[in-house]
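Here's the letter readout for the chains.
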Amino acid sequence: MSTSAPTTPDTPPPKTATTPPPTSPPKTRTCISATETENFESGVFPNSLWKTGGDGAWEIDKGDTYEGRYSIKSPDLTEAPSFPAVSTATIVTCDNYLGGTMKLNVKASVLPPADVFVIYVDGVKEMQLIDVNDWTSIEVDVPEGRHEIAFSYQYNVFNVIPLPPSPPNREGVYLAMSKCLLCLHGFHEMVRC
Ligand SMILES: [Ca+2]
């Protein structure tokens, strides 16, 4: 007695090869995660990671760098059409950022009433620096998730006309990141700076 012909199993669909494209496009960073760094050594500013604007734009600078060849520098706002005049450079952390400390180096050669340098996190003032005429390391705590860190150069904040003469050595603000921009607090993902 013959049994019924065995049913042929469904043939699995042919595997479609998922070969990646030969060259992946360059990664455009629009936010920064904990393991990434920014030392401005591309010589291009702003890049995709940064925005700058207001009454003037921060620019790449190779005159006075904390390390390497480049830092960024606040603009000269003395000729701004109205005061106070503000120029801001901003960077955002990525959604999956776990929280940590932003480490950076600044030289805030500013002096009220002419100018001040203020750092905001999500619009809340975190730090104000004045009369810091040598490179100085600072740390800014950044909470978990997506946050905007704004570096704000503010000129004639009290709209004093005319402004008293500034000391001749006033240079504005230079900003340079450490090798490690954002260092996590967590044990497992600690990034060495
Ligand atoms: Ca640099």
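If you're wondering where the values come from, they're calculated on a predicted model, not measured in any experiment.

The helix and strand inventory of the protein stands at 0 helices and 10 strands. Taken from N to C terminus, the helices and strands of the protein fall in the order β-β-β-β-β-β-β-β-β-β. Residues counted as buried form 28% of the 193 residues belonging to the protein. Looking at the protein alone, contacts between residues at least 24 apart form 72% of all its contacts between residues at least 6 apart.

Omega for the bond connecting Phe83 with Pro84 falls within 30 degrees of zero, at 0°, which places this linkage in the cis form. Relative to the helices and strands, Pro84 is located in the loop between strand E3 (71-73) and strand E4 (85-92). A positive phi angle, close to 65°, is found at Phe40, a residue other than glycine.

With antiparallel pairing, the 5 strands of this open sheet are ordered in space as E1-E4-E9-E6-E7. Of all strands in the sheet, those bounded by a partner on one side alone are strand E1 (50-54) and strand E7 (124-129). Pairs of neighbouring strands in the sheet enclose a mean axial angle of 20°, with direction left out of account.

This brings us to the environment of Val106. As for its placement among the helices and strands, Val106 is situated in strand E5 (residues 100-109). Accessibility expressed as a C-beta count within 10 Å gives 22 for Val106, which makes it buried. Val106 sits 32 residues away from Ile138 along the chain, and the two C-alpha atoms are 7.4 Å apart. Setting aside residues no more than four positions away along its own chain, Val106 makes contact with Leu129, Val132, Thr136, Ile138, Val173, Tyr174 and Leu175.

Moving on, we come to the confidence of the model for the protein. Per-residue confidence for the protein gives a mean pLDDT of 83, with 78% of residues at or over 70. The secondary structure element of the protein with the lowest average pLDDT is strand E10 (residues 172-184), at 72, and the one with the highest is E7, at 97. Contacts for the low-pLDDT stretch residues 186-193, under 50 throughout, to residues beyond four places or in other chains number 15 contacts.

This paragraph deals with the environment of Glu171. Summarising the element assignment, Glu171 is placed in the loop between strand E9 (148-155) and E10. With 16 C-beta atoms packed within 10 Å, Glu171 lands in the partly exposed category. Distance from Glu171 to Lys107, taken between C-alpha atoms, is 9.0 Å for residues 64 residues apart in sequence.

About the criteria used
As a convention, each chain's residues are numbered from 1 in the sequence order in which they are written. Whole-chain, interface and lining totals are the exception, using all residues; otherwise, since this is a predicted model, local features are given only for residues with pLDDT of at least 70 and side-chain atom pairs are given and counted only at 80 or more. Every helix listed is a DSSP run of H or I at least four residues long, and every strand listed is a run of E at least two residues long, numbered separately from the N terminus. Every C-beta atom is placed from the backbone, and the number of other C-beta atoms within 10 Å of a residue's own sets its class: buried at 20 or more, exposed at 12 or fewer, partly exposed in between. The contact rule is simple: place each C-beta atom from the backbone, and if two of them lie within 7 Å, those residues are in contact. A pair of strands is labelled paired if DSSP reports no fewer than 2 bridges between them. Here, axes are lines fitted to C-alpha atoms. For helices the fit covers the stretch in contact, and angles between N-to-C directions go from 0 to 180 degrees. For every residue, the predictor assigns a confidence score, pLDDT, that lies between 0 and 100.

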